[in-house]
Amino acid sequence: MRILFVTSEAYPLIKTGGLADVSGSLPAAIAEMGEDIRILIPGYPLVLEKLINPRVLASISDLPVINSVTIISGEMPETKVPVLAINCPSLYQRAGGPYVDTNGVDWGDNALRFGILSKIAAILGTSNSYIQDWIPDIVHCNDWQSALTPAYLKFMGVEHAKSVVSIHNMAFQGCFPSNWLSQLELPYSCYQMNGLEYYGQISFLKAGLYYCDVITTVSPTYAKEIQTENYGFGMQGLLSHRSHEIHGILNGIDIHEWDPSKDHYLDTHYSHKSLDKKREVKQSLQKQLDLTVDNDAPLLGIVSRLTYQKGLDMFLSVAEKILKQGCQIALLGSGEKKLEDGFIALKMKYPDKVSINIGYNEPLSHAIMAGSDLFIMPSRFEPCGLNQMYGLRYGTPPVVTNTGGLADSIRDTTPESISKHEATGFVMDNVSEQGLLSSIQRALGYYENKEIWRGIQLNGMRKDLSWKKSAREYLAIYKTLLAK
Ligand code: ADP
């Protein structure tokens, strides 16, 4: 089977969030199962710099607005999964992030930048493919950035390649003014409710969900949630109409990258067999972050985008109460200014107990995951979430809301789940400041009991969080599609 995996980010080439982690790991797991999978990604500066064995493979012309691009083929570092990078300096060679400029403002031509990504994915899916002898059977698109691909496949009359769209987050829908329709060379006939029109604009995500052959999302609970008004972000109607074609597959994690017994970002390593050493990691984190070195102070870790979705405004509201109970807080993240400022003000008030790092920092994210006692993740919605699973792997039980992938990956601590050795974290029964506060207090109560606490840590550390099971489920979907 030949699979083209289309994505706007893939770790370790380029990462802004969970999509990159998935795009780094899932293709590798599928390749390990013997399938021929290639990643298609925009050639941002970091991608071209980090690609292994890059060489020019093809040139594609007659594209909307920009005429032509070259395709650079290479390999992912470490996993060696083949990569096709789109080399188009006018679109992708810029300072700033994949989606925003250096001031954090969306690039004004994102419709074109990701329209071209989608168009090229569709061109590579045609029978006169530009890559000799390599025509995909499956084109697997991810989130809005590549979701225009199924529309292009349809309008270009491609019948061979089947398309899959994976939703990693419904909140991002790629909506742009309708005048992009002609610039992206899309037929006007698709600009309607049964097409890619969405409240007077065009939506890349809607295009994908409407025209693709099958939809997947990143957890079984989220697959159900997005068909309801509270989580569907306006697309619940379309999604419930296609209900039988939506599959929820829980993400795995990269168990080599996230492994406390080998983590190259840590000086001290530990595993479920040497959990006592986690204390040393906590101490060095406290030193590194200028917190009081105190093993008895429960250290609460947070690594997150600071947005409404992640619910950290609720945490900020109750943080002082938690600090007064003797806890410490280590936060790494960036996002909404009001939240950043709120956390910085908290740090000013409690300098020995609170560490706030605004920004993106891969090594520190590992150190916080390993050195903390509890991981805080009170998301209002969470398609899958990876950090809570990293928490499990690092013996750092998470406090989570009962939604999406959090509900599917964390088992609440109760007398029953403790006795069955199934307890792995603390699930809030309602999404509110009070709900969060009482869950953290409940966790702190168990933290006092070293034996039970160790049991909760070990239950999480022993879980199989690898990609194997999920990759098999994706393969089964590809095979069913091809058999149709
Ligand atoms: P989302 O994709 O919604 O942001 P996930 O939990 O699915 O949330 O994935 C977030 C990923 O991004 C994790 O790998 C997490 O460690 C990482 N991450 C988020 N913020 C930061 C940051 N400030 N520095 C380093 N890594 C971060």
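Report on the accompanying structure. If you're wondering where the values come from, they're calculated on a predicted model, not measured in any experiment.

**A closer look at the pairing of strand β15 (residues 354-358)**
Right, on to step 1. Of the strand pairs in this sheet, strand β14 (residues 328-335) and β15 are connected by 5 bridges, and their pairing is parallel. Opposite glycine 333, over in β15, you have isoleucine 358 as the bridge partner.
Right, on to step 2. In this region the chain leaves β14, passes through helix α12 (residues 337-349) and returns to the parallel neighbour β15; the handedness of that crossover is right-handed.

**Some points on the state of the cysteines**
Right, on to step 1. Taken as a whole and judged by the stated rule, the model has 0 disulfides.
Right, on to step 2. Looking at the unpaired cysteine 88, the closest cysteine sulfur is the one in cysteine 141, lying at 19 Å.
Right, on to step 3. The exposure class assigned to cysteine 88 is buried, which follows from its relative accessible area of 4%.
Right, on to step 4. Not engaged in a disulfide, the cysteine cysteine 384 finds its nearest cysteine sulfur in cysteine 212; these two sulfurs lie 19 Å apart.

**Some points on unusual backbone geometry**
Right, on to step 1. Going from tyrosine 11 to proline 12, the amide bond is cis rather than trans, its omega being 10 degrees.
Right, on to step 2. For proline 12, the position within the fold is in the loop between β1 (2-6) and α1 (18-32).
Right, on to step 3. Its identity as a non-glycine residue notwithstanding, tyrosine 199 has a phi of 50 degrees, on the positive side.
Right, on to step 4. Along the chain, the position of tyrosine 199 falls in the loop between β9 (197-198) and β10 (201-203).
Right, on to step 5. Judged by its relative accessible area of 70%, tyrosine 199 falls in the exposed class.
Right, on to step 6. Phi angles above zero are rare outside glycine, and aspartate 290 is one such case at about 60 degrees.
Right, on to step 7. Inspection of the secondary structure assignment puts aspartate 290 in the loop between α10 (278-288) and β13 (299-306).

**A look at the layout of surface pockets**
Right, on to step 1. Put simply, the second largest pocket is a space of about 660 Å³.
Right, on to step 2. If you go around the second largest pocket, you meet 31 residues; those closest to its centre are Ala28, Thr79, Asp254, Ile255 and His256.
Right, on to step 3. Of all the elements in the fold, those that place two or more residues in the lining of the second largest pocket are α1 and α19 (468-483).
Right, on to step 4. Of the residues assigned to the lining of the second largest pocket, the class counts are 14 nonpolar, 6 polar and 11 charged.

**A short note on the site of the ligand**
Right, on to step 1. Within the structure, the ligand sits among 19 residues, and Gly18, Asp21, Arg305, Lys310 and Gly359 are positioned closest to it.
Right, on to step 2. In this structure, an oxygen atom belonging to the ligand sits 2.8 Å away from a side-chain N or O atom of lysine 15.
Right, on to step 3. At 3.0 Å from a nitrogen atom of the ligand is found a main-chain nitrogen or oxygen belonging to asparagine 361.
Right, on to step 4. Protein burial of the ligand: of its 570 Å² of free accessible surface, 93% is covered by the chains.
Right, on to step 5. Those elements that provide at least two residues to the shell around the ligand are α1, β13, β14 and α14 (387-393).
Right, on to step 6. Here the residues of the shell around the ligand sort into 6 nonpolar, 9 polar and 4 charged.

Conventions we followed
- Counting restarts for each chain, with residues numbered from 1 along the sequence as it is written.
- For a predicted model such as this one, the threshold for reporting local features is a pLDDT of at least 70, and the threshold for listing and counting side-chain atom pairs is 80 or more; totals across whole chains, interfaces and linings nevertheless cover every residue.
- Water and hydrogen atoms were dropped before computing side-chain values, which therefore reflect all heavy atoms in the structure.
- When DSSP finds two or more bridges between a pair of strands, those strands are recorded as paired.
- A helix here means a DSSP run of H or I that spans at least four residues, while a strand means a run of E at least two residues long, and both kinds are numbered starting from the N terminus.
- Seen with its strands pointing away from the viewer, a crossover is right-handed when the path leading from the first strand over the helix to the second is clockwise.
- Throughout, disulfides are identified as pairs of cysteine sulfur atoms within 2.5 Å of each other.
- Working definition: with a 1.4 Å probe on protein chains only, accessible area under 20% of the residue-type maximum means buried, over 50% means exposed, and in between means partly exposed.
- A 1.4 Å probe that fits but cannot get out identifies a cavity on a 1 Å grid over protein atoms alone, an open set with protein on both sides within 12 Å along at least five of seven lines counts as a pocket, and a residue lines either if it has an atom within 4 Å of a point.
- Grid points are joined across faces, edges and corners, and a volume is the space filled by probe spheres set on the points.
- Classes in brief: Ala, Val, Leu, Ile, Met, Phe, Trp, Tyr, Cys and Pro nonpolar; Asp, Glu, Lys and Arg charged; the others, Gly included, polar.
- The cutoff for a nearby residue is simple: one of its non-hydrogen atoms must lie within 4 Å of the molecule or strand.
- Pairs of N or O atoms are called polar contacts if they sit within 3.5 Å, as long as, within protein, a hydrogen donor faces a hydrogen acceptor (for residues adjacent in sequence, only side-chain-to-side-chain pairs).
- Computed by Shrake-Rupley with a 1.4 Å probe, the accessible areas treat only the displayed protein chains as cover when residues are assessed.

That's the geometry; what it means functionally is another story.
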